[in-house]
Number of protein chains: 4
Amino acid sequence: MCARKADPPEIRAIKEGKIKQAAIKFFSEKGFHAATTGEITEAAGIAKGTLYWYFNTKEDLAFALVSDMLEEFRKLVEEMRDARGPATTRFRKLATRAAELYNQEKAYCRLLWKFRADQHYVFSPDYVEKVRIYYDAILSALADMIDQGIRSGEFRRINSRHWAFVILGITEGLELEWLENEDEFDMEKAFREMMDLLLAHFRKAPGKGRS
Amino acid sequence: MCARKADPPEIRAIKEGKIKQAAIKFFSEKGFHAATTGEITEAAGIAKGTLYWYFNTKEDLAFALVSDMLEEFRKLVEEMRDARGPATTRFRKLATRAAELYNQEKAYCRLLWKFRADQHYVFSPDYVEKVRIYYDAILSALADMIDQGIRSGEFRRINSRHWAFVILGITEGLELEWLENEDEFDMEKAFREMMDLLLAHFRKAPGKGRS
Amino acid sequence: MCARKADPPEIRAIKEGKIKQAAIKFFSEKGFHAATTGEITEAAGIAKGTLYWYFNTKEDLAFALVSDMLEEFRKLVEEMRDARGPATTRFRKLATRAAELYNQEKAYCRLLWKFRADQHYVFSPDYVEKVRIYYDAILSALADMIDQGIRSGEFRRINSRHWAFVILGITEGLELEWLENEDEFDMEKAFREMMDLLLAHFRKAPGKGRS
Amino acid sequence: MCARKADPPEIRAIKEGKIKQAAIKFFSEKGFHAATTGEITEAAGIAKGTLYWYFNTKEDLAFALVSDMLEEFRKLVEEMRDARGPATTRFRKLATRAAELYNQEKAYCRLLWKFRADQHYVFSPDYVEKVRIYYDAILSALADMIDQGIRSGEFRRINSRHWAFVILGITEGLELEWLENEDEFDMEKAFREMMDLLLAHFRKAPGKGRS
DNA sequence: TATGAATGAGACTTCATTCAT
DNA sequence: AATGAATGAAGTCTCATTCAT
């Protein structure tokens with residue numbers, strides 16, 4: 001009577017994608033609380049209840065998006081870490097690729113910022129932990145790249161963990177400035193400049209820097 | 001006359017302060033939407049309705065807090081802009097003072113980040129505009145300091161507006177990294193290091209840099 | 001230390017009057033619920049708490065106003081009832097005088113309509129009863145006037161109570177039409193016309209009418 | 001297909017009707033402000049939130065009721081205007097039919113009176129305008145009927161707009177008297193009597209009346 | 001699989017009234 | 001007599017989630 005074959009996986013994935021698209025739009029515009037499941041399902045062209053067949057909760061949906069983007073960024077950093085060539089070159093490439101990624105996924109970037117602010121409230125401890133793991137992986141990969149540079153003699157003996165924080169912080173700070181001043185501020189250029197400054201600092205002859 | 005006078009301004013300010021303290025706590029922990037007027041008034045030791053004697057709306061209360069902190073930061077930057085001495089010295093002092101301010105007002109910092117994310121939804125256009133004005137003032141003061149350095153011959157002829165964005169972005173990015181990794185990350189040190197790198201870049205003999 | 005002679009009665013009455021003026025304004029514009037004691041006291045130039053020195057509750061204040069107007073109208077009808085001369089003449093005079101009263105006290109008229117609608121909710125049973133007594137007095141006086149006309153031979157033997165209802169209903173219906181269409185509808189003229197029609201009907205030779 | 005269809009219109013209408021029934025009860029007893037959505041939904045046997053699936057706001061619900069009744073009355077008047085036969089006959093029929101309608105829908109009548117008083121506060125300007133349009137339509141239809149009578153020679157050349165106001169005013173005044181004195185006052189009889197008086201006046205040989 | 005009507009906890013805010021001064 | 005800060009009950013409305021079809 002009501003039986004019907006389950007949608008093949010790819011169909012399910014397509015529909016999930018439609019929901020995610022709609023969710024990105026509203027989450028990135030309004031943040032987690034202000035975006036309603038109602039507007040998301042409407043934009044996705046499904047009924048309110050259907051959402052819950054694809055995602056258990058609103059939180060789950062939100063996390064899926066955060067996860068997608070962080071995964072992408074993590075993969076980018078890890079790819080650069082695992083690539084061949086001098087660390088310097090790979091760091092420069094990272095700056096360019098990150099800027100490209102941000103430019104491509106501006107809505108995702110906005111969304112990430114929205115959620116970052118109240119992640120501790122938006123997400124259950126479980127999810128917060130998962131987000132933390134992503135960031136840790138990114139930080140570690142950055143630190144690894146620095147260590148590679150140290151080992152290869154490109155960089156001085158610096159505190160790789162500390163400078164990983166700095167690189168990530170700068171990247172995010174410039175990204176934010178860009179998101180809030182898109183027309184005026186050239187993020188990609190700033191990324192490159194700052195990366196150059198940092199790399200020069202990493203390379204600088206001992207005796208001048210201390211960290 | 002027998003009539004009791006209205007609370008003198010300072011008493012009113014003290015009571016307002018009590019409410020603000022409670023509000024900072026919850027807003028900075030949970031963000032605007034998740035913090036309820038109920039828990040704020042309870043923590044402030046007043047009745048639910050009393051809040052509205054001091055602030056017209058929850059939004060007004062939130063904005064008062066944002067405003068306080070941004071005002072403080074703006075004053076700091078403008079003080080450094082108007083102080084005597086080489087721009088280089090003043091920029092270094094700014095880095096130190098900013099780190100001090102953040103350390104002192106960590107809760108305020110958290111709150112600012114929470115609200116920044118969904119300010120466009122939290123605050124009415126009127127308020128968003130006022131926030132923007134604060135940030136503009138800060139950016140302008142930073143650009144002014146750079147221009148002063150250029151005029152005095154300390155710095156090369158660089159695009160002061162662009163580098164003001166960079167300074168602000170870096171400051172905020174490092175602040176964020178600190179807020180999320182308080183124990184591991186030394187914000188003050190990073191502020192100083194980055195400021196030194198930037199100042200060295202501003203001073204660098206022409207022919208090497210391009211911006 | 002705080003002792004002072006009580007205000008002499010006339011001063012108290014003057015202040016009460018100021019409050020009533022303000023109250024009429026807001027009650028007549030917005031009705032009982034929507035008018036707030038806050039705006040009334042502000043307009044009256046007194047503190048919120050002071051209102052309660054003059055009136056026990058908002059309801060009391062409202063009733064005082066209703067009472068004033070109904071008292072005025074009752075006095076008018078009873079004056080006409082007790083005056084000398086043919087009932088016909090006195091009814092005609094009543095129509096004119098009522099129109100004059102309404103014109104003079106338009107705000108009061110509006111207020112009466114507002115309160116009439118939800119009097120059962122606005123006023124406690126006690127007050128509703130008092131309002132009812134006013135209306136009964138008015139109805140009785142009208143019926144008395146008809147009876148006087150019957151006894152004097154001016155009118156046929158009609159049901160005086162029934163026609164008192166009719167007179168009052170018509171008066172109020174036309175008053176309402178006037179309040180809602182002030183510019184277009186000539187209440188005074190309509191009052192006179194309808195009174196003439198009714199009086200003619202009361203006088204009409206038996207054999208034609210039936211009531 | 002397995003999907004259940006949305007409630008068909010008639011089912012929705014039935015459920016809406018249940019809510020309206022409950023709403024009429026409380027609005028007509030207490031007026032707009034004093035009636036709470038809580039008691040309405042409780043009486044309708046639904047959850048508090050469900051109300052908002054059927055009506056956007058409390059105001060919307062209230063307006064739907066007002067609209068229903070005014071629509072009914074408007075249709076009645078327009079039906080009489082468009083019917084065949086002498087205007088006199090049609091006016092008489094109108095009186096009877098209106099009395100019947102009122103008797104049938106007493107709760108609606110009460111409600112209309114409640115809302116009429118503070119409609120300007122209860123309803124947004126948009127809705128007030130819609131109410132006004134209903135009353136205008138009723139007034140115009142009445143004036144049209146008078147004009148028809150004039151053209152057909154039944155009535156003298158009187159000011160049809162003015163007398164439409166009078167007819168409506170009288171109808172409403174008597175209705176009100178009835179609502180407040182149900183047991184004592186015979187509205188239907190009064191309607192007929194007054195209509196007869198008015199029609200006689202409209203027909204009266206020229207030279208006596210002036211309007 | 002999909003629907004959408006229904007739920008109900010909980011949010012912000014208003015405002016008549018009180019009371020220490 | 002007068003003040004106005006404080007109260008807190010109560011009201012309307014939102015929205016994530018459920019569940020009978």
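Preceding this section is the structure that the text describes.
Each value, and the rule that gives it
Residues numbered from 1 in each chain as written. Chains lettered and ligands numbered in written order. Predicted model: local features only at pLDDT ≥ 70, side-chain atom pairs only at ≥ 80, totals over all residues. Heavy atoms only, no water. Helix = DSSP H or I, 4+ residues; strand = E, 2+ residues; numbered from the N terminus. Buried < 20%, exposed > 50% of the residue type's maximum accessible area, 1.4 Å probe, protein only. Expected span 1.5 Å × (residues − 1). Contact = heavy atoms within 4.5 Å. Buried area = accessible area lost by both parts, 1.4 Å probe. Salt bridge = Lys/Arg side-chain N within 4 Å of Asp/Glu carboxyl O. Polar contact = N/O pair within 3.5 Å; in protein donor to acceptor, adjacent residues only side chain to side chain. Least-squares fit on C-alpha atoms with pLDDT ≥ 70 in both. Nonpolar A, V, L, I, M, F, W, Y, C, P; charged D, E, K, R; others polar. Phe/Tyr/Trp six-rings, centres within 6.5 Å; stacked < 30°, edge-to-face > 60°. Lys NZ or Arg CZ within 6 Å of the ring centre and 35° of its normal. Axes fitted to C-alpha atoms, helices over the stretch in contact; angles between N-to-C directions. Parallel < 35°, antiparallel > 145°, perpendicular 65-115°, else oblique. Left-handed = near helix turned anticlockwise from the far one by under 90°.

Focus on the overall build of chain A
Summing up its helical and strand segments, chain A has ten helices and zero strands in all. Ordered by position from the N terminus, the helices and strands of chain A form the series α-α-α-α-α-α-α-α-α-α. Taking the principal axes of the C-alpha coordinates as reference, chain A spans close to 80 × 40 × 30 Å. Across the 211 residues in chain A, those meeting the buried criterion constitute 54%.

Structural notes on helix α6 (residues 106–117) of chain A
Residue and element names in this part refer to chain A. In this model α6 runs 17 Å from its N-terminal to its C-terminal C-alpha over twelve residues, within 8% of the 16 Å that 1.5 Å per residue would give. Of all twelve residues making up α6, nine are buried, and the element is well covered by its neighbours. Looking only at α6, the buried set comprises Y108, C109, L111, L112, W113, K114, F115, R116 and A117.

Examining the interface of chain D and chain C
Taken together, the contacts link 39 residues of chain D with 39 residues of chain C. For the pair chain D and chain C, the two sides together bury roughly 3,500 Å², of which 60% comes from carbon and sulfur. Of all residues in chain D, D:F165, D:E177 and D:L197 give up the largest surface area on contact with chain C, accounting jointly for 16% of the area buried on that side. Linking chain D to chain C there are four salt bridges.

Description of the arrangement of the chains
If you take every C-alpha in chain A and every C-alpha in chain C, the smallest gap between them is 31 Å, and the two do not touch. Between chain B and chain D there is no contact, and the shortest C-alpha to C-alpha distance separating them is 21 Å.

Quick notes on the side chain of B:T171
Residue and element names in this part refer to chain B. Structurally, T171 can be placed in helix α9 (residues 160–180). Within the local environment of T171, its side chain forms a polar contact with the backbone oxygen of I167, the two atoms lying 2.6 Å apart. Aside from chain neighbours lying at most four places away, what touches T171 is Y102 and F191.

Section: the relation of the copies chain A and chain B
Rotating chain A by 179 degrees about the axis while translating it 0.0 Å along that axis superimposes it on chain B, leaving an RMSD of 0.2 Å. Both copies are brought into coincidence by an operation consistent with a two-fold rotation axis. Relative to the rotation axis, the C-alpha of A:G173 is the closest in chain A, positioned 1.8 Å from it. With an isologous cut-off of 70% or more, the 97% of interface residues of chain A that recur at the interface of chain B puts this contact in the isologous class.

Some thoughts on the relation of the copies chain D and chain C
Relating the two copies of this chain is a rotation about some axis coupled with a shift parallel to it. Superposition record for chain D on chain C: RMSD 0.2 Å, screw rotation 179 degrees, translation along axis 0.0 Å. Both copies share a contact surface, since 97% of the interface residues of chain D are interface residues in chain C too.

Quick look at the interface of chain A and chain B
Counting residues at the interface gives 39 residues for chain A and 39 residues for chain B. Summed over the three residues of chain A that lose the most area to chain B, namely A:F165, A:E177 and A:L197, the buried surface amounts to 16% of that side. At the surface where chain A touches chain B, the tally comes to four salt bridges. Across the pair A:R116 and B:E180 runs a salt bridge whose closest N-O atoms are separated by 2.8 Å. On the surface where chain A and chain B come into contact, there are eight residue pairs in polar contact (both at pLDDT 80 or more). Of all elements in the fold, only α1 (9–34), α6, α7 (119–122), α9 (160–180) and α10 (187–203) of chain A reach the threshold of two or more residues within the side of chain A that touches chain B. No other element matches α9(A), which puts 14 residues into the side of chain A that touches chain B. Split by residue class, the side of chain A that touches chain B holds 16 nonpolar, nine polar and 14 charged.

Let's talk about the packing of aromatic side chains
Under the criterion given, the structure shown has 58 aromatic pairs over all chains. Here the aromatic rings of C:F63 and C:Y127 are separated by 4.5 Å at their centres, their planes lie at 5 degrees, and the arrangement is stacked. Of this pair, C:F63 sits in helix α4 (residues 58–82) while C:Y127 sits in helix α8 (residues 125–151), and the two are 64 residues apart along the sequence. Relative to C:F202, the ring of C:F155 lies with its centre 5.2 Å away and its plane at 70 degrees, an arrangement referred to as edge-to-face. Of this pair, C:F155 sits in the loop between α8 and α9 (160–180) while C:F202 is found in helix α10 (residues 187–203), placing the two residues 47 residues apart along the sequence. The exposure class of C:F202 is buried, given its relative accessible area of 1%. Aromatic ring contacts, followed pair by pair, group A:F27, A:F32, A:F63, A:F115, A:F123 and A:Y127 into a single cluster. Sitting over the ring of B:F26, B:K25 keeps its end group 5.3 Å from the ring centre. C:R116 extends its terminal NZ or CZ atom over the ring of C:W113, reaching a point 5.7 Å from the ring centre.

Some thoughts on the side chain of A:R81
Within the secondary structure layout, A:R81 lies in helix α4 (residues 58–82). Within polar-contact distance, the side chain of A:R81 engages the side chain of A:D82 at 2.8 Å.

Observations regarding the environment of A:S67
All names here are of chain A. Among the structural elements, S67 can be located in helix α4. In this structure S67 comes out as buried when scored by relative accessible area, which is 14%. Sequence separation of S67 and A117 is 50 residues, and the distance between their C-alpha atoms is 16 Å.

Notes on the pattern of salt bridges
Inspection of the entire model under this criterion finds 62 salt bridges over all chains. Linked by salt bridges that have partners in common, A:E71, A:R74 and A:E78 make up one network.

Focus: the packing of helix α1 (residues 9–34) of chain D against helix α4 (residues 58–82) of chain D
Residues and elements named next belong to chain D. At a minimum axis separation of 10 Å, α1 and α4 run at an interaxial angle of 100 degrees. What the angle tells us is that α1 and α4 run roughly perpendicular. Between α1 and α4, the contacting residues are I19, K20, A23, I24, F27, F32 and H33 on the first element and K58, E59, L61, A62, A64, L65 and D68 on the second. Partitioned by chemical class, the residues of the contact of α1 with α4 number nine nonpolar, one polar and four charged.

So, the environment of B:E182
Residue and element names in this part refer to chain B. For E182, the location among the structural elements is in the loop between α9 and α10 (187–203). When the C-alpha atoms of E182 and A164 are compared, they prove to be 26 Å apart, with 18 residues separating the residues in sequence. Ignoring anything within four residues of it in the chain, the contact list for E182 reads K106 and R110. A distance of 2.4 Å separates polar atoms of two side chains, one belonging to E182 and the other to R110.

Remarks on the packing of helix α5 (residues 87–104) of chain C against α10(C)
Residues and elements named next belong to chain C. One way to put it is that α5 packs onto α10 with a least axis distance of 9 Å and a crossing angle of 160 degrees. Accordingly, the angle class assigned to the pair α5 and α10 is roughly antiparallel. Read as a crossing pair, α5 and α10 show a hand that is right-handed. Along the contact surface, α5 presents T88, F91, R92, A95, T96, A98, A99, Y102 and N103, while α10 presents M187, E188, F191, M195, D196, L199 and R203. Within the contact of α5 with α10, the residues separate by chemical class into nine nonpolar, three polar and four charged.

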